[in-house]
Amino acid sequence: FPVTIGGGDGSKLIVASVNAFWGWTTATTPTKPMSIEGNTWFGSEVYTEASGIKCISTTKKIDLKNLHFSFYGAARATAIAVEHAATASTHGGSYWENCRFDGGLSNYKSLNANNFVFHACTFSVQGGGKALDLFNTDNVDTGDSMISSCTFSSVGTNIYVSGTAGINVTNCKFNDSTAHVVIDPANNGNIGNFLFSNNSFEGHTDPAIKAASSGTGIITKVVITGNQFSSGAATHIEIGANVTHTTITGNVFNSTKPATGKGIDVTSNSAEGVTITGNSFHQILTAIEGPVGGYAGITLSGNSFADDVTNIFSGEDGIPSSGEAVGSISVDVSEAAAVTSDAVYTDFFAVKGLGVIHLRIYGLIQGAGWVVYNRKAFLRESTLTDIEAGTANGSSLDVQYAVSGGLVNIGLKRSVGVGTAITAIIEIRCEGQITELKRI
């Protein structure tokens, strides 16, 4: 380093504030806690072309501020900026602020760290790397760390969690990347307590957030709230095997193309206790999908679905056997209707499952007047049994419940000789164990 000042008790190495350009050719392995503060990240650059280099590898606390790690040449897709090496006990409390990482295989690799903080940093890796590679080998369920107000953009994965728990990711911007967040416990360890709040996830080709165990390790207590998701044909959130107690609430999901993309995909019936509530879906093909042929214990309520969402929900075929998770589905969805025929029904929704549906139609029959229609019925797979038979208050109309492809299609046409056209809002509420609900 250009300037060094020894700590008074020898416990800390302090590197003075600098405005410099450092050419890094060999790894630095501090044996004591260290603080490095640059003048500004664009004026204090750590530069290397060395293949596979670890610029800083340590088991001690490290604080970095106002630095720019840049990797070129052979280092572009192979180097690691900072690594916290494994030891018998965790080392915690490290702090990064206003640092910029450009390239490399990993910007930060944790093999045994906790209570670290990244604030207002910018991350980017190349070659399918992992910007933050969080893998605590010795103490898997150790964490309590914060990542806030950071920006990510990588040809790879932004945050890869394989052995670190208790992470709070908030107010971050995730730009074009393969994947933004992957949680997959290595060595079959159990990890939990993840909070993702008020972030923006955009331009991903793999799921923006994927929590799934490829082994026997369990992921528990994942909360995803207040985020914005936007991409082309990608899935936004995937919840897979051995994930328990997941809450997805208050998020906005959309796609750049209304006929593509998927909001939330629960792919495994071992993903127990998934609560999906208060989210908004628009410009997307499929809002929520659960496993087919199994039970995941999905609880669904209070979500909103724009009229450009085709597939509202599908999944959870059959009745749960003893010991399987039980969820409940409550979906309200509406559709604007325009009908001119008194000969052919226009279908709007298709539904299947075990529960109750409540259909409401509010409309105007031109030349005949206003009409309000209500019907409430038990749904048994593709069979309806009335609880409250359909009644129309006002000019009559004709409502159809027809079975097609194993689903109940709900359609509408004018009654013969009544008015010229119908303009209406059709609302359907589905409650119980609904296995499919879509617009047609």
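Sequence order sets the numbering: in each chain, residues are counted from 1 along the sequence as written. Given that the model is predicted, a residue must reach a pLDDT of at least 70 before its local features are reported, and side-chain atom pairs must reach 80 or more before they are shown or counted; all residues, however, enter totals for whole chains, interfaces and linings. With hydrogens and water set aside, each side-chain value is computed from the structure's full complement of heavy atoms.

## Considering the overall build of the protein chain
Put simply, the rule reads: Numbering goes from the N terminus for both helices and strands, where a helix is a DSSP run of H or I of at least four residues and a strand is a run of E of at least two. Whether a residue is buried, partly exposed or exposed follows from its accessible area with a 1.4 Å probe, protein chains only, as a fraction of its type maximum: under 20%, in between, or over 50%, in that order. Only heavy atoms enter the contact rule, under which two residues are in contact if any of them lie within 4.5 Å. Computed with the Shrake-Rupley method and a 1.4 Å probe, the accessible areas treat only the protein chains shown as cover for residues. Residues scored as positive are Lys and Arg, those scored as negative are Asp and Glu, and His as well as the terminal groups of each chain are ignored. For this purpose, a charge sits on NZ of Lys, CZ of Arg, CG of Asp or CD of Glu.
When you go through the protein chain residue by residue, the secondary structure sums to zero helices and 43 strands. By its C-alpha atoms, the protein chain is 95 × 45 × 35 Å across when sized along the principal axes. Taking all 440 residues of the protein chain together, 50% fall into the buried category. Excluding contacts between residues fewer than 6 apart, the proportion of contacts in the protein chain whose partners are at least 24 apart in sequence is 69%. About 16600 Å² of surface is accessible on the protein chain, with carbon and sulfur atoms providing 50% of the total. In the protein chain, the 25 positive side-chain charges and the 36 negative ones have mean positions that sit 2 Å from each other.

## Re the environment of Phe152
With respect to the secondary-structure elements, Phe152 resides in strand S19 (residues 151-163). Discounting chain neighbours no more than four positions away, the residues touching Phe152 are Phe123, Leu132, Ile147, Asn158, Ile159, Cys172, Lys173, Phe174 and Asn175.

## Structural notes on the packing of aromatic side chains
To keep things clear, this is the line we draw: When two rings of Phe, Tyr or Trp (its six-membered ring) have centres within 6.5 Å they constitute a pair, described as stacked for plane angles under 30 degrees, edge-to-face for angles over 60, and tilted for the intermediate range. Distance and angle both matter: a charge sits over a ring if NZ of Lys or CZ of Arg is within 6 Å of the ring centre and within 35 degrees of the ring normal.
This structure, assessed with the given rule, holds 16 aromatic pairs. Relative to Phe253, the ring of Phe229 has its centre 4.9 Å away and its plane inclined at 5 degrees; by these criteria the two rings are stacked. Of this pair, Phe229 sits in strand S26 (residues 228-231) while Phe253 sits in strand S29 (residues 252-255), and the two are 24 residues apart along the sequence. For the pair formed by Phe229 and Phe253, the shared burial category is buried. Directly above the ring of Tyr72 sits Arg76, whose terminal nitrogen or CZ lies 5.5 Å from the centroid. The aromatic ring of Tyr345 is capped on one face by Lys413, whose charged end is 4.6 Å from the ring centroid.

## Topic: the confidence of the model for the protein chain
Here is the rule we go by: Note on scores: pLDDT gives the predictor's confidence for each residue, bounded by 0 and 100.
Mean pLDDT over the protein chain stands at 88; residues scoring 70 or higher make up 91%. Contacts for the low-pLDDT stretch residues 1-20, under 50 throughout, to residues beyond four places or in other chains number 40 contacts.

## A word on the environment of Ile248
Locating Ile248 in the fold gives a position in strand S28 (residues 243-249). Taking C-alpha positions, Ile248 is 4.8 Å from Ile224, a pair spaced 24 residues apart along the chain. In this structure Ile248 touches Ile224, Ile237, Ile239, Phe253, Ile264, Thr275, Ile276, Thr277 and Asn279, once residues within four positions along its chain are discounted.

## With respect to the nonpolar core
This is how the line gets drawn: In these notes, a set of buried Ala, Val, Leu, Ile, Met, Phe, Trp, Tyr and Cys residues joined through side-chain atoms within 4.5 Å is what counts as a nonpolar core.
Counting 103 residues, the largest nonpolar core has Phe69, Trp96, Phe118, Ile147 and Ile159 as its most contacted members. Setting aside its immediate chain neighbours within four residues, Trp96 contacts Ile62, Leu64, Val82, His84, Phe101, Tyr108, Phe116, Val117, Phe118, His119 and Cys121.

## A few points about the pattern of salt bridges
The line we're drawing: Any carboxyl oxygen of Asp or Glu that lies within 4 Å of a side-chain nitrogen of Lys or Arg is treated as forming a salt bridge with it.
Counted under the stated rule, the structure contains 16 salt bridges. Its salt-bridge partner being Asp102, residue Arg76 comes within 3.2 Å of it at the nearest N-O pair. With Arg76 in the loop between strand S8 (68-71) and strand S9 (80-84) and Asp102 in strand S12 (residues 100-102), the pair connects residues that are 26 residues apart, well separated along the chain. Judged by relative accessible area, Asp102 falls into the buried class, the value being 17%. A salt bridge links Asp342 to Arg414, with the shortest nitrogen-to-oxygen separation between them at 3.7 Å. With a gap of 72 residues between them, Asp342 in the loop between strand S37 (329-339) and strand S38 (346-365) and Arg414 in strand S42 (residues 407-414) connect regions that are remote in the sequence. Several salt bridges converge on common partners, so that one network encompasses Asp332, Arg360, Glu427, Arg429 and Glu431.

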